[in-house]
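Working through the structure, step by step
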Amino acid sequence: MAKDNIKIYKGDIIFTKTPDKFESIEGGYILVEGNKIKKICRELDESCKNMEITDFGDKMIIPGFVDLHLHAGQFRNLGLGMDKELLPWLETYTFPEESKFQDTRYAREVYLEFVNALLESGTTRSVIFATLHKEATDILFDLINQSGMGAFIGKVNMDRNSPDYLIENTEESLEDTEYFIKKYANSSELVKFIITPRFIPTCSSELMTGLAELAQKYKVPVQSHLSENTGEINWVHELHPESDNYLGVYDKYGILGQDSAVMAHCVHNDNKEIEIMKKKRVFVAHCPTSNINLSSGTAPVKKYMDNGIDVGIGSDISGGHILSIKDCTAYALQASKIYNMYVDKNSPILKTSEAFYLATKGGGKFFGKVGSFEEEYEFDALIINDRNADKSLEERLQSFIYSGALSDIERRFCAGKEIKKI
Ligand code: GUN
Ligand code: FE
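Being a predicted model, the structure only gives us computed values, none of them experimental.

For the rest of this paragraph, the subject is the sheet that holds strand β7 (residues 150-154). Strand order in this open sheet of 4 strands is β5-β6-β7-β9, and the pairing throughout is parallel. The open sheet terminates on both sides in strands that have one partner only, identified here as β5 (65-71) and β9 (191-193). Taken over all neighbouring pairs, the strand axes of this sheet differ in orientation by 15° on average, direction set aside. As paired strands, β7 and β9 are joined by 3 bridges and run parallel to one another.

Spelled out as C-alpha coordinates, the structure:
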(Lines give C-alpha, C1' and ligand atoms only; values in the text may rest on other atoms or scores of the structure.)
(Ligands and ions follow the chains in the order given, each with its own letter.)
Protein backbone atom coordinates (compact mmCIF):
# COMPACT_ATOMS: atom_id res chain seq x y z
CA MET A 1 0.00 0.00 0.00
CA ALA A 2 1.38 3.44 -0.91
CA LYS A 3 1.84 4.99 2.50
CA ASP A 4 2.33 8.67 1.76
CA ASN A 5 -1.23 9.73 1.26
CA ILE A 6 -2.95 7.27 3.56
CA LYS A 7 -4.42 8.56 6.79
CA ILE A 8 -5.40 6.19 9.58
CA TYR A 9 -8.07 7.06 12.15
CA LYS A 10 -8.69 4.95 15.23
CA GLY A 11 -11.71 5.03 17.56
CA ASP A 12 -15.05 3.47 18.45
CA ILE A 13 -16.63 3.21 15.02
CA ILE A 14 -20.37 2.86 14.38
CA PHE A 15 -22.37 3.19 11.14
CA THR A 16 -25.16 1.52 9.12
CA LYS A 17 -24.48 -0.38 5.91
CA THR A 18 -28.14 -1.44 5.76
CA PRO A 19 -31.12 0.03 7.62
CA ASP A 20 -31.81 -3.06 9.72
CA LYS A 21 -28.67 -3.08 11.86
CA PHE A 22 -25.64 -1.17 13.09
CA GLU A 23 -22.07 -2.14 12.24
CA SER A 24 -19.67 -1.33 15.03
CA ILE A 25 -16.00 -1.82 15.85
CA GLU A 26 -14.61 -0.75 19.20
CA GLY A 27 -11.06 0.54 18.81
CA GLY A 28 -11.24 0.01 15.04
CA TYR A 29 -9.32 1.63 12.20
CA ILE A 30 -10.42 3.54 9.10
CA LEU A 31 -7.80 3.94 6.36
CA VAL A 32 -8.44 6.91 4.10
CA GLU A 33 -6.68 7.62 0.84
CA GLY A 34 -7.42 11.07 -0.58
CA ASN A 35 -11.15 11.57 -0.18
CA LYS A 36 -12.06 7.87 0.04
CA ILE A 37 -12.09 5.03 2.52
CA LYS A 38 -9.60 2.32 1.53
CA LYS A 39 -10.30 -0.07 4.34
CA ILE A 40 -12.03 -0.45 7.67
CA CYS A 41 -10.66 -3.04 10.10
CA ARG A 42 -10.32 -4.31 13.65
CA GLU A 43 -6.55 -4.79 13.43
CA LEU A 44 -3.91 -3.20 11.22
CA ASP A 45 -1.86 -5.55 9.07
CA GLU A 46 1.94 -5.53 8.85
CA SER A 47 2.09 -3.07 5.96
CA CYS A 48 0.56 -0.35 8.17
CA LYS A 49 2.67 -0.94 11.25
CA ASN A 50 4.89 2.11 10.95
CA MET A 51 2.27 4.48 9.64
CA GLU A 52 1.05 7.43 11.66
CA ILE A 53 -2.30 6.92 13.35
CA THR A 54 -4.70 9.61 14.56
CA ASP A 55 -6.04 7.94 17.68
CA PHE A 56 -9.36 9.25 18.99
CA GLY A 57 -9.27 6.82 21.93
CA ASP A 58 -12.75 5.82 23.06
CA LYS A 59 -14.49 8.65 21.23
CA MET A 60 -17.10 7.59 18.68
CA ILE A 61 -16.47 7.92 14.94
CA ILE A 62 -19.77 8.17 13.04
CA PRO A 63 -20.60 9.21 9.46
CA GLY A 64 -21.36 12.91 8.89
CA PHE A 65 -25.05 13.78 8.75
CA VAL A 66 -26.85 14.50 5.48
CA ASP A 67 -29.62 17.12 5.32
CA LEU A 68 -31.65 16.33 2.23
CA HIS A 69 -33.85 19.43 2.38
CA LEU A 70 -33.46 22.87 3.95
CA HIS A 71 -33.98 26.56 3.16
CA ALA A 72 -30.88 28.67 3.86
CA GLY A 73 -32.91 31.83 3.22
CA GLN A 74 -35.20 30.99 6.13
CA PHE A 75 -32.42 30.63 8.71
CA ARG A 76 -33.32 33.83 10.57
CA ASN A 77 -36.91 32.62 10.92
CA LEU A 78 -36.02 29.54 12.97
CA GLY A 79 -38.77 28.90 15.52
CA LEU A 80 -41.11 31.58 14.16
CA GLY A 81 -44.64 31.20 12.88
CA MET A 82 -45.32 27.69 14.04
CA ASP A 83 -48.94 28.63 14.70
CA LYS A 84 -49.88 28.45 11.02
CA GLU A 85 -50.33 25.85 8.29
CA LEU A 86 -48.19 25.88 5.15
CA LEU A 87 -49.90 28.41 2.85
CA PRO A 88 -50.61 31.15 5.43
CA TRP A 89 -47.16 30.47 6.95
CA LEU A 90 -45.53 31.14 3.56
CA GLU A 91 -47.48 34.40 3.10
CA THR A 92 -47.04 35.71 6.65
CA TYR A 93 -43.51 34.72 7.61
CA THR A 94 -41.51 33.06 4.87
CA PHE A 95 -41.95 35.19 1.76
CA PRO A 96 -41.26 38.47 3.63
CA GLU A 97 -38.04 37.00 5.10
CA GLU A 98 -36.82 35.56 1.79
CA SER A 99 -37.39 38.92 0.06
CA LYS A 100 -34.66 40.44 2.26
CA PHE A 101 -32.05 38.49 0.28
CA GLN A 102 -32.38 41.08 -2.46
CA ASP A 103 -29.91 42.96 -0.24
CA THR A 104 -26.52 41.29 -0.72
CA ARG A 105 -25.16 42.67 2.55
CA TYR A 106 -27.98 41.01 4.46
CA ALA A 107 -27.47 37.81 2.45
CA ARG A 108 -23.76 37.65 3.27
CA GLU A 109 -24.35 38.26 6.97
CA VAL A 110 -27.11 35.64 7.32
CA TYR A 111 -25.50 33.05 5.04
CA LEU A 112 -22.20 33.26 6.94
CA GLU A 113 -24.04 32.59 10.19
CA PHE A 114 -26.02 29.81 8.50
CA VAL A 115 -22.97 28.03 7.05
CA ASN A 116 -21.21 27.99 10.42
CA ALA A 117 -24.33 26.76 12.22
CA LEU A 118 -24.81 24.01 9.63
CA LEU A 119 -21.22 22.85 10.00
CA GLU A 120 -21.40 23.02 13.78
CA SER A 121 -24.55 20.86 13.78
CA GLY A 122 -22.61 17.94 12.27
CA THR A 123 -24.09 18.14 8.79
CA THR A 124 -21.43 17.44 6.17
CA ARG A 125 -23.69 17.31 3.07
CA SER A 126 -26.90 19.12 2.30
CA VAL A 127 -29.41 19.85 -0.43
CA ILE A 128 -30.31 23.50 -0.09
CA PHE A 129 -32.96 25.95 -1.30
CA ALA A 130 -31.47 29.46 -1.42
CA THR A 131 -33.95 32.17 -2.53
CA LEU A 132 -34.84 33.43 -6.02
CA HIS A 133 -32.04 36.03 -5.89
CA LYS A 134 -29.06 35.43 -8.17
CA GLU A 135 -26.41 37.49 -6.35
CA ALA A 136 -27.36 36.15 -2.91
CA THR A 137 -27.28 32.58 -4.21
CA ASP A 138 -23.79 33.16 -5.62
CA ILE A 139 -22.71 34.32 -2.15
CA LEU A 140 -24.07 31.12 -0.61
CA PHE A 141 -22.09 29.04 -3.15
CA ASP A 142 -18.89 30.88 -2.19
CA LEU A 143 -19.42 30.42 1.53
CA ILE A 144 -20.30 26.73 1.37
CA ASN A 145 -17.32 26.15 -0.93
CA GLN A 146 -15.07 27.87 1.62
CA SER A 147 -16.43 25.66 4.42
CA GLY A 148 -15.42 22.39 2.74
CA MET A 149 -18.89 20.87 3.17
CA GLY A 150 -20.59 19.16 0.23
CA ALA A 151 -23.88 20.52 -1.07
CA PHE A 152 -26.35 20.92 -3.86
CA ILE A 153 -27.64 24.49 -3.88
CA GLY A 154 -30.60 25.78 -5.86
CA LYS A 155 -31.66 29.26 -6.86
CA VAL A 156 -35.43 29.13 -6.29
CA ASN A 157 -37.75 29.52 -9.31
CA MET A 158 -41.15 31.18 -8.75
CA ASP A 159 -43.06 33.19 -11.38
CA ARG A 160 -46.75 33.00 -10.37
CA ASN A 161 -49.01 33.06 -7.30
CA SER A 162 -46.28 34.83 -5.37
CA PRO A 163 -46.28 38.29 -3.76
CA ASP A 164 -45.18 41.27 -5.89
CA TYR A 165 -42.06 41.64 -3.75
CA LEU A 166 -40.91 38.01 -4.32
CA ILE A 167 -41.60 36.99 -7.89
CA GLU A 168 -39.59 36.77 -11.14
CA ASN A 169 -40.49 36.91 -14.77
CA THR A 170 -40.24 33.57 -16.52
CA GLU A 171 -37.48 34.48 -18.93
CA GLU A 172 -35.19 35.88 -16.27
CA SER A 173 -35.84 32.90 -14.02
CA LEU A 174 -34.70 30.53 -16.79
CA GLU A 175 -31.71 32.69 -17.74
CA ASP A 176 -30.50 32.88 -14.14
CA THR A 177 -30.93 29.13 -13.77
CA GLU A 178 -28.82 28.48 -16.86
CA TYR A 179 -26.18 30.87 -15.49
CA PHE A 180 -25.84 28.70 -12.37
CA ILE A 181 -25.90 25.48 -14.36
CA LYS A 182 -23.03 26.66 -16.52
CA LYS A 183 -21.08 27.97 -13.55
CA TYR A 184 -21.52 25.05 -11.13
CA ALA A 185 -23.41 22.03 -12.44
CA ASN A 186 -20.46 20.10 -13.75
CA SER A 187 -18.02 21.40 -11.24
CA SER A 188 -15.68 18.84 -9.75
CA GLU A 189 -16.04 20.72 -6.48
CA LEU A 190 -18.13 19.39 -3.65
CA VAL A 191 -20.74 22.08 -4.21
CA LYS A 192 -23.05 21.73 -7.20
CA PHE A 193 -26.16 23.33 -8.63
CA ILE A 194 -29.64 21.81 -8.46
CA ILE A 195 -32.71 23.05 -10.37
CA THR A 196 -35.23 24.30 -7.79
CA PRO A 197 -38.84 25.08 -8.79
CA ARG A 198 -40.36 26.10 -5.44
CA PHE A 199 -43.53 24.00 -5.90
CA ILE A 200 -46.22 23.64 -8.55
CA PRO A 201 -48.46 26.52 -7.36
CA THR A 202 -45.68 29.13 -7.82
CA CYS A 203 -44.36 27.88 -11.18
CA SER A 204 -46.09 28.55 -14.51
CA SER A 205 -46.30 25.87 -17.20
CA GLU A 206 -43.87 27.87 -19.31
CA LEU A 207 -41.35 27.98 -16.46
CA MET A 208 -41.70 24.26 -15.69
CA THR A 209 -41.28 23.35 -19.37
CA GLY A 210 -38.17 25.54 -19.60
CA LEU A 211 -36.67 24.04 -16.42
CA ALA A 212 -37.34 20.52 -17.70
CA GLU A 213 -35.50 21.39 -20.93
CA LEU A 214 -32.52 22.63 -18.91
CA ALA A 215 -32.56 19.50 -16.72
CA GLN A 216 -32.60 17.36 -19.84
CA LYS A 217 -29.97 19.33 -21.77
CA TYR A 218 -27.44 19.55 -18.94
CA LYS A 219 -28.43 16.44 -16.91
CA VAL A 220 -28.93 18.41 -13.72
CA PRO A 221 -30.80 17.10 -10.66
CA VAL A 222 -34.00 18.73 -9.43
CA GLN A 223 -35.53 19.46 -6.04
CA SER A 224 -38.97 20.62 -5.03
CA HIS A 225 -41.87 20.08 -2.62
CA LEU A 226 -44.55 17.41 -2.95
CA SER A 227 -47.85 16.57 -1.24
CA GLU A 228 -47.00 18.31 2.01
CA ASN A 229 -50.32 19.76 3.11
CA THR A 230 -53.94 19.14 2.11
CA GLY A 231 -54.64 22.84 1.31
CA GLU A 232 -51.64 22.84 -1.02
CA ILE A 233 -52.71 19.57 -2.68
CA ASN A 234 -56.25 20.88 -3.31
CA TRP A 235 -54.75 24.00 -4.87
CA VAL A 236 -52.60 21.90 -7.21
CA HIS A 237 -55.72 19.95 -8.27
CA GLU A 238 -57.53 23.23 -9.01
CA LEU A 239 -54.58 24.56 -11.02
CA HIS A 240 -54.06 21.27 -12.88
CA PRO A 241 -57.36 19.40 -13.22
CA GLU A 242 -55.85 17.50 -16.16
CA SER A 243 -53.53 15.58 -13.82
CA ASP A 244 -54.85 12.96 -11.44
CA ASN A 245 -52.09 13.51 -8.91
CA TYR A 246 -49.55 16.11 -7.75
CA LEU A 247 -46.39 14.26 -8.80
CA GLY A 248 -48.01 13.66 -12.18
CA VAL A 249 -47.86 17.43 -12.78
CA TYR A 250 -44.07 17.48 -12.32
CA ASP A 251 -43.79 14.35 -14.44
CA LYS A 252 -45.95 15.75 -17.24
CA TYR A 253 -43.41 18.55 -17.78
CA GLY A 254 -40.60 15.97 -18.14
CA ILE A 255 -38.63 17.31 -15.20
CA LEU A 256 -38.32 13.92 -13.44
CA GLY A 257 -35.89 11.22 -14.48
CA GLN A 258 -33.32 13.41 -16.28
CA ASP A 259 -31.05 13.08 -13.30
CA SER A 260 -32.12 12.30 -9.75
CA ALA A 261 -34.77 14.37 -7.97
CA VAL A 262 -35.51 15.11 -4.33
CA MET A 263 -39.09 15.77 -3.29
CA ALA A 264 -39.54 17.17 0.19
CA HIS A 265 -42.29 16.00 2.57
CA CYS A 266 -44.33 13.40 0.61
CA VAL A 267 -46.82 13.25 3.48
CA HIS A 268 -49.98 12.48 1.49
CA ASN A 269 -48.76 10.64 -1.64
CA ASP A 270 -51.10 8.10 -3.22
CA ASN A 271 -50.08 4.74 -4.69
CA LYS A 272 -49.90 6.11 -8.25
CA GLU A 273 -47.41 8.72 -7.08
CA ILE A 274 -45.40 5.99 -5.37
CA GLU A 275 -45.22 4.14 -8.72
CA ILE A 276 -43.88 7.30 -10.44
CA MET A 277 -41.36 7.80 -7.62
CA LYS A 278 -40.02 4.28 -8.10
CA LYS A 279 -39.77 4.63 -11.87
CA LYS A 280 -38.18 8.08 -11.93
CA ARG A 281 -35.64 7.68 -9.09
CA VAL A 282 -37.25 10.24 -6.83
CA PHE A 283 -35.70 10.60 -3.38
CA VAL A 284 -37.98 11.46 -0.48
CA ALA A 285 -36.72 14.10 1.95
CA HIS A 286 -38.54 13.18 5.14
CA CYS A 287 -39.03 16.32 7.24
CA PRO A 288 -40.58 15.21 10.55
CA THR A 289 -40.16 18.47 12.48
CA SER A 290 -41.66 20.62 9.75
CA ASN A 291 -44.52 18.21 9.11
CA ILE A 292 -45.56 18.45 12.75
CA ASN A 293 -44.88 22.20 13.18
CA LEU A 294 -47.06 23.16 10.20
CA SER A 295 -49.68 20.51 11.06
CA SER A 296 -49.03 18.87 7.68
CA GLY A 297 -49.22 15.27 8.92
CA THR A 298 -46.84 12.34 9.31
CA ALA A 299 -45.22 10.74 6.28
CA PRO A 300 -45.42 6.96 5.60
CA VAL A 301 -41.66 6.53 5.69
CA LYS A 302 -41.66 2.76 6.18
CA LYS A 303 -43.94 2.36 3.17
CA TYR A 304 -41.45 4.27 1.01
CA MET A 305 -38.54 2.22 2.32
CA ASP A 306 -40.44 -1.05 1.78
CA ASN A 307 -41.13 0.05 -1.81
CA GLY A 308 -37.41 0.51 -2.44
CA ILE A 309 -37.67 4.30 -2.64
CA ASP A 310 -34.64 6.25 -1.43
CA VAL A 311 -35.33 8.28 1.69
CA GLY A 312 -33.22 10.76 3.65
CA ILE A 313 -33.96 13.25 6.41
CA GLY A 314 -34.46 16.99 5.89
CA SER A 315 -34.44 19.67 8.59
CA ASP A 316 -36.57 21.86 6.28
CA ILE A 317 -35.63 24.92 8.27
CA SER A 318 -37.60 27.04 8.96
CA GLY A 319 -40.73 24.92 8.59
CA GLY A 320 -38.55 22.75 10.80
CA HIS A 321 -37.34 24.59 13.90
CA ILE A 322 -34.03 22.69 14.32
CA LEU A 323 -31.04 22.65 12.00
CA SER A 324 -29.38 19.60 13.55
CA ILE A 325 -30.04 16.34 11.68
CA LYS A 326 -29.07 14.50 14.85
CA ASP A 327 -32.13 16.04 16.52
CA CYS A 328 -34.30 15.55 13.42
CA THR A 329 -33.41 11.85 13.62
CA ALA A 330 -34.94 11.65 17.09
CA TYR A 331 -38.02 13.43 15.71
CA ALA A 332 -38.17 10.92 12.83
CA LEU A 333 -38.29 8.12 15.41
CA GLN A 334 -41.04 9.92 17.32
CA ALA A 335 -43.00 10.73 14.14
CA SER A 336 -42.99 7.05 13.20
CA LYS A 337 -44.59 6.29 16.58
CA ILE A 338 -47.26 8.93 15.97
CA TYR A 339 -47.86 7.36 12.55
CA ASN A 340 -48.20 3.94 14.16
CA MET A 341 -50.47 5.16 16.97
CA TYR A 342 -52.80 7.43 14.98
CA VAL A 343 -52.55 6.64 11.27
CA ASP A 344 -51.76 2.97 10.68
CA LYS A 345 -51.36 0.51 13.55
CA ASN A 346 -49.98 -2.02 11.07
CA SER A 347 -47.04 0.20 10.16
CA PRO A 348 -44.07 -0.71 12.38
CA ILE A 349 -42.18 2.09 14.11
CA LEU A 350 -38.70 2.93 12.83
CA LYS A 351 -35.80 1.19 14.52
CA THR A 352 -32.94 3.42 15.68
CA SER A 353 -30.68 1.87 13.05
CA GLU A 354 -33.24 2.68 10.33
CA ALA A 355 -33.54 6.32 11.37
CA PHE A 356 -29.74 6.67 11.60
CA TYR A 357 -29.42 5.06 8.16
CA LEU A 358 -31.82 7.67 6.72
CA ALA A 359 -29.78 10.47 8.31
CA THR A 360 -26.49 9.20 6.83
CA LYS A 361 -26.39 6.64 4.01
CA GLY A 362 -30.04 7.12 2.94
CA GLY A 363 -29.61 10.81 2.13
CA GLY A 364 -25.93 10.28 1.30
CA LYS A 365 -26.88 8.20 -1.73
CA PHE A 366 -27.99 11.40 -3.45
CA PHE A 367 -24.30 12.43 -3.41
CA GLY A 368 -22.93 9.06 -4.58
CA LYS A 369 -20.99 6.88 -2.17
CA VAL A 370 -21.55 8.97 0.93
CA GLY A 371 -22.85 8.33 4.45
CA SER A 372 -21.24 5.01 5.33
CA PHE A 373 -17.83 3.62 6.29
CA GLU A 374 -17.46 1.13 3.47
CA GLU A 375 -14.61 0.80 1.02
CA GLU A 376 -14.71 3.42 -1.76
CA TYR A 377 -17.10 5.62 0.25
CA GLU A 378 -16.04 9.23 0.67
CA PHE A 379 -14.78 9.80 4.20
CA ASP A 380 -17.35 12.06 5.89
CA ALA A 381 -17.09 11.64 9.64
CA LEU A 382 -17.78 13.15 13.03
CA ILE A 383 -15.73 12.54 16.15
CA ILE A 384 -18.06 12.42 19.14
CA ASN A 385 -16.85 12.87 22.70
CA ASP A 386 -19.89 11.48 24.47
CA ARG A 387 -18.22 10.54 27.78
CA ASN A 388 -20.33 7.38 27.85
CA ALA A 389 -17.73 4.74 27.04
CA ASP A 390 -18.96 2.30 29.70
CA LYS A 391 -22.07 1.63 27.59
CA SER A 392 -22.34 -0.39 24.37
CA LEU A 393 -21.67 1.53 21.15
CA GLU A 394 -25.30 1.21 20.08
CA GLU A 395 -26.48 2.61 23.41
CA ARG A 396 -23.99 5.44 23.14
CA LEU A 397 -25.21 6.37 19.69
CA GLN A 398 -28.85 6.17 20.76
CA SER A 399 -28.13 8.40 23.73
CA PHE A 400 -26.25 10.88 21.51
CA ILE A 401 -29.13 11.03 19.00
CA TYR A 402 -31.77 11.74 21.65
CA SER A 403 -29.86 13.66 24.27
CA GLY A 404 -26.35 14.51 23.07
CA ALA A 405 -25.16 18.11 22.81
CA LEU A 406 -23.74 19.60 19.63
CA SER A 407 -20.67 20.45 21.71
CA ASP A 408 -20.06 16.67 21.91
CA ILE A 409 -19.05 16.85 18.23
CA GLU A 410 -15.33 17.55 18.47
CA ARG A 411 -14.13 17.24 14.89
CA ARG A 412 -15.68 16.99 11.45
CA PHE A 413 -14.44 15.57 8.14
CA CYS A 414 -15.92 15.84 4.66
CA ALA A 415 -14.53 13.99 1.64
CA GLY A 416 -11.35 13.12 3.54
CA LYS A 417 -10.57 16.65 4.78
CA GLU A 418 -11.12 18.15 8.20
CA ILE A 419 -13.61 21.01 8.05
CA LYS A 420 -13.88 23.95 10.43
CA LYS A 421 -15.97 27.08 10.87
CA ILE A 422 -15.13 29.88 8.44
N1 GUN B 1 -43.68 24.67 -0.17
C2 GUN B 1 -43.34 25.72 -0.96
N3 GUN B 1 -42.42 26.50 -0.36
C4 GUN B 1 -42.16 25.94 0.81
C5 GUN B 1 -41.27 26.28 1.89
O6 GUN B 1 -40.53 27.26 1.86
N7 GUN B 1 -41.28 25.42 2.95
C8 GUN B 1 -42.08 24.33 3.02
N9 GUN B 1 -42.03 23.56 4.10
N10 GUN B 1 -42.90 24.00 2.04
C11 GUN B 1 -42.95 24.79 0.95
FE1 FE C 1 -39.13 23.02 2.29
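Picking up after the structure, the text goes on.
What follows deals with the packing of aromatic side chains. Inspection of the entire model under this criterion finds 21 aromatic pairs. When the ring of F75 is compared with that of F114, the centres are 5.7 Å apart and the planes differ by 70°; the resulting orientation is edge-to-face. With F75 in the loop between β5 and α1 (86-99) and F114 in helix α2 (residues 104-120), this residue pair connects regions lying 39 residues apart in the sequence. Seen from their ring centres, F152 and F367 are 5.2 Å apart, and the 45° between their planes marks the pair as tilted. Of the two residues, F152 is situated in strand β7 and F367 in the loop between α12 (352-364) and β15 (381-384); the sequence distance between them amounts to 215 residues. Each member of the pair, F152 as well as F367, is classed as buried. A connected cluster of aromatic rings, assembled from ring pairs, spans Y9, F15, F56, F373, F379 and F413.

Once that is clear, we can look at the environment of N291. The topology assignment puts N291 in helix α9 (residues 288-293). Once you skip the residues sitting within four places of it in the chain, N291 turns out to touch H265, V267, H286, S296, G297 and A299. Side-chain polar atoms of N291 contact the side chain of H265, separated by 2.8 Å.

Close to ligand 1 lie H71, Q74, L86, W89, L90, R198, F199, H225, E228, H265, S290 and D316, which account for all nearby residues. Q74 places a side-chain nitrogen or oxygen 2.9 Å from an oxygen atom of ligand 1. R198 is positioned with one of its side-chain polar atoms (N or O) 2.7 Å from an oxygen atom of ligand 1. Relative to its unbound accessible area of 280 Å², ligand 1 is 100% covered by the protein chains. A molecule is said to occupy a pocket when more than half its atoms come within 2 Å of that pocket's grid points, and by this definition ligand 1 occupies the largest cavity. Broken down by element, the shell around ligand 1 gets its largest block of residues, 3 residues, from α1. Classifying every residue of the shell around ligand 1 gives 4 nonpolar, 5 polar and 3 charged.

Reading guide: rules and limits
Residues numbered from 1 in each chain as written. Chains lettered and ligands numbered in written order. Predicted model: local features only at pLDDT ≥ 70, side-chain atom pairs only at ≥ 80, totals over all residues. Heavy atoms only, no water. Pairing = 2+ DSSP bridges. Helix = DSSP H or I, 4+ residues; strand = E, 2+ residues; numbered from the N terminus. Axes fitted to C-alpha atoms, helices over the stretch in contact; angles between N-to-C directions. Phe/Tyr/Trp six-rings, centres within 6.5 Å; stacked < 30°, edge-to-face > 60°. Buried < 20%, exposed > 50% of the residue type's maximum accessible area, 1.4 Å probe, protein only. Contact = heavy atoms within 4.5 Å. Polar contact = N/O pair within 3.5 Å; in protein donor to acceptor, adjacent residues only side chain to side chain. Near = heavy atom within 4 Å. Areas by Shrake-Rupley, 256 points an atom, 1.4 Å probe, with all protein chains shown as cover. 1 Å grid on protein atoms, 1.4 Å probe; cavity = no way out; pocket = protein on both sides within 12 Å on 5 of 7 lines; lining within 4 Å. Sits in = over half its atoms within 2 Å of the grid points. Nonpolar A, V, L, I, M, F, W, Y, C, P; charged D, E, K, R; others polar.

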